[in-house]
Amino acid sequence: MTEQLLNNQTKKEFGGRQYFLDWIRVFAFALLIFYHTAMMFVNWEFHVESGHNSTFFKTIMIFTSQWRLDILFIVSGVAISFMISKMSLKSFTWLRVIKLYIPLLFAIAVVVAPQSYYEALQKGIFEGSFWQFWSTQYFTFFWDKRMIAPFPTYNHMWYVLYLFHYTLALLPFFAFLNSEKGKSFLLNIENWLCKGARIIWMPFLVYLSIFLSFSEHKINHTFYDDWYAHCIFIFAVILGLVFVRMPLMWQSFEKNRYLSLGIGIISYSILLIVFFLPEHMLPVDKTLAWYISGLMVKWSWISLIIGFSKKYLNYTNDGLKYCNKVLYPFFILHQTVIIILGYYVFTWEQSLITQYCFIVVGTFVICGLLYELIIKRIKIMRLLFGLKLERIQHK
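Heads up: these notes are all about the structure in this document. Everything numeric in this text was worked out from a predicted model, so none of it was measured.

Along the protein, the regular secondary structure elements total 18 helices and zero strands. Here the C-alpha radius of gyration of the protein, 22 Å, is about what a compact globule of 395 residues would show, namely 21 Å. Here the C-alpha coordinates of the protein stretch approximately 65 × 60 × 40 Å along the principal axes. Expressed as a percentage of contacts within the protein between residues at least 6 apart in sequence, the contacts between residues at least 24 apart total 75%. Side chains of the protein give 34 positive and 21 negative charges; the mean places of these two sets differ by 11 Å.

In structure tokens, the structure reads:
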């Protein structure tokens, strides 16, 4: 009876399950595989490199890199908001330790280690087996500056590290959201923000204010010295936390989707011009133009993704349900699989597109097999990969 009342209260407060948010979540995490594979085919620093420098990949990556991380934190905020409405903050915090920190520590110790190993092999820093590297080098807490990161490291798991600490920092805000005063505050914000195109320009102004508050805007994923990133990503988490409690907000995104699309196309065009044109040919400072146009790309594309998804993807099916189950293990595994595949594929005399497609498809297949054959079937592996421990079935 209590559970039914809680479900009814949650449905009333959140406007029911918004399946389009699940589709956005799947899209955002799947994009990581395509993006991190492409990182090996441009001349930007990555753990293993192909020697290629694809201009085409760069044009896509400078576009998606403006908003892909914010999308991840927004959907994480949505998930958190649902969770804290169904349990005490004490239970929620303990669950975050189990679902985030335990997989993070396991990934640092085991899953991420091959990334450092194959990077060291390609750069000629280490020769020998992975076991030799892992047992004698990886836990030395030393940083060879020829490497991207020290030993040991978290690499792509920075997202989990950041999200966990954002969760702790925002606990007082969670308590406020669950209070009657918080609900009243959100109602007032919803009534104001959903009018006209305010949902398009107001968050952009917040992003712009954060930008103007810092002199250094490089996101380096170094937890103790990444303050601009922390402000940007915490804001994204807060957006997810509050928007999901404002059902009218999704309608505003949907209503303004074509305006977002127009702004998105124009701002991306400006970003490409800034990227390709020499600085002396630009009428404004190149760095400032890059960041401002990047902020415009960021929010306009987040807005249009939400708006069009709300319009056309607000449904569920078996494929979506399956993807929701495998996302976290896929995320933990994907970059390691990409790097291992890349290290060996780059020895083949094949075209760039052949190598890229092989690595992308291979990553999806290998992650899927590891999930189906090992992770979901072994209780301790489910714990280490952040999955529920119940209902493990053996055929």
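From this point, the discussion proceeds with the structure in view.
Glancing now at a nonpolar patch on the surface. A contiguous nonpolar patch, built from Val 361, Val 365, Leu 369, Leu 373, Ile 374, Ile 378 and Ile 380 and spanning about 610 Å² of accessible area, is present on the exposed surface. With respect to the helices and strands, Ile 380 occurs in helix α18 (residues 379-384). A residue is classified by how much of its surface remains accessible, and Ile 380, at 47% relative accessible area, is partly exposed.

Moving on, we get to the packing of aromatic side chains. For any pair of aromatic rings, the description rests on two quantities: the centre-to-centre distance and the angle between the ring planes. Tallied over the full model, the rule gives 59 aromatic pairs. Here Phe 63 and Trp 301 contribute two aromatic rings whose centre-to-centre distance is 4.6 Å and whose plane-to-plane angle is 75 degrees, an arrangement assigned as edge-to-face. Here Phe 63, found in helix α3 (residues 55-64), pairs with Trp 301, found in helix α15 (residues 286-312); they are 238 residues apart in sequence, far enough to count as distant. On the basis of relative accessibility, which here comes to 16%, the residue Trp 301 falls in the buried class. Ring centres 5.5 Å apart and planes at 70 degrees place the aromatic pair Phe 106 and Phe 385 in the edge-to-face group. With a gap of 279 residues between them, Phe 106 in helix α5 (residues 89-111) and Phe 385 in the segment after α18 connect regions that are remote in the sequence. For the residue pair Phe 106 and Phe 385, the accessibility class agrees, reading buried in each case. Site record: aromatic cluster; members linked through ring pairs are Tyr 117, Tyr 118, Phe 126, Phe 130, Trp 131, Phe 133, Trp 134, Tyr 138, Phe 139, Phe 151, Tyr 343 and Tyr 344.

Of note, Ile 292 is situated in helix α15. Between the alpha carbons of Ile 292 and Ser 267 there is a distance of 9.3 Å; along the sequence they are 25 residues apart. For Ile 292, the contacting residues outside a window of four places in its chain are Phe 204, Leu 208 and Phe 211.

Quick look at the nonpolar core now. When a protein is soluble and globular, its nonpolar side chains tend to lie buried together. Counting residues in each nonpolar core, the largest one holds 123 residues, and the members touching the most others are Phe 73 and Phe 243. For this core, the element with the most residues is helix α16 (residues 318-345), which contributes 13 residues. Phe 73 has contacts with Trp 158, Tyr 159, Tyr 162, Leu 163, Tyr 166, Phe 233, Ala 236 and Val 237, leaving out every residue within four places of it along the chain.

Cut-offs applied
- All residue numbers refer to positions counted from 1 along the written sequence of the respective chain.
- In keeping with the predicted nature of the model, local features appear solely for residues at pLDDT of at least 70, side-chain atom pairs appear and are counted solely at 80 or more, and the whole-chain, interface and lining totals rest on all residues.
- Values shown for side chains rest on all heavy atoms present in the structure; no hydrogens or waters enter the calculation.
- Strands here are runs of E lasting at least two residues and helices are runs of H or I lasting at least four, both read from the DSSP assignment and numbered beginning at the N terminus.
- As defined in this context, the radius of gyration uses C-alpha atoms, and a globule is described by 2.2 Å times the residue total to the power 0.38.
- Between two residues, a contact is recorded if the distance between any of their heavy atoms is within 4.5 Å.
- Lys and Arg are tallied as positive, Asp and Glu as negative. Neither His nor the chain termini are counted.
- By convention, the point assigned to a charge is CZ for Arg, NZ for Lys, CD for Glu and CG for Asp.
- Candidate patch residues must exceed 30% relative accessible area and have no salt bridge, after which like charges are joined if within 9 Å and Val, Leu, Ile, Met, Phe, Trp or Tyr side chains if within 5 Å.
- A 1.4 Å probe and the Shrake-Rupley method give the accessible areas. Residues count as covered only by the protein chains that appear here.
- Between Lys or Arg on one side and Asp or Glu on the other, a salt bridge is scored when a side-chain nitrogen of the former is within 4 Å of a carboxyl oxygen of the latter.
- Exposure is judged per residue with a 1.4 Å probe applied to protein chains only, and the accessible area is read against the type maximum: over 50% gives exposed, under 20% gives buried, and values in between give partly exposed.
- Any two of the Phe, Tyr and Trp rings considered here, Trp counted by its six-membered ring, make a pair once their centres fall within 6.5 Å; the pair's planes then place it as stacked at under 30 degrees, edge-to-face at over 60, or tilted in between.
- Throughout this description, the term nonpolar core refers to a set of buried Ala, Val, Leu, Ile, Met, Phe, Trp, Tyr and Cys residues connected via side-chain atoms within 4.5 Å.

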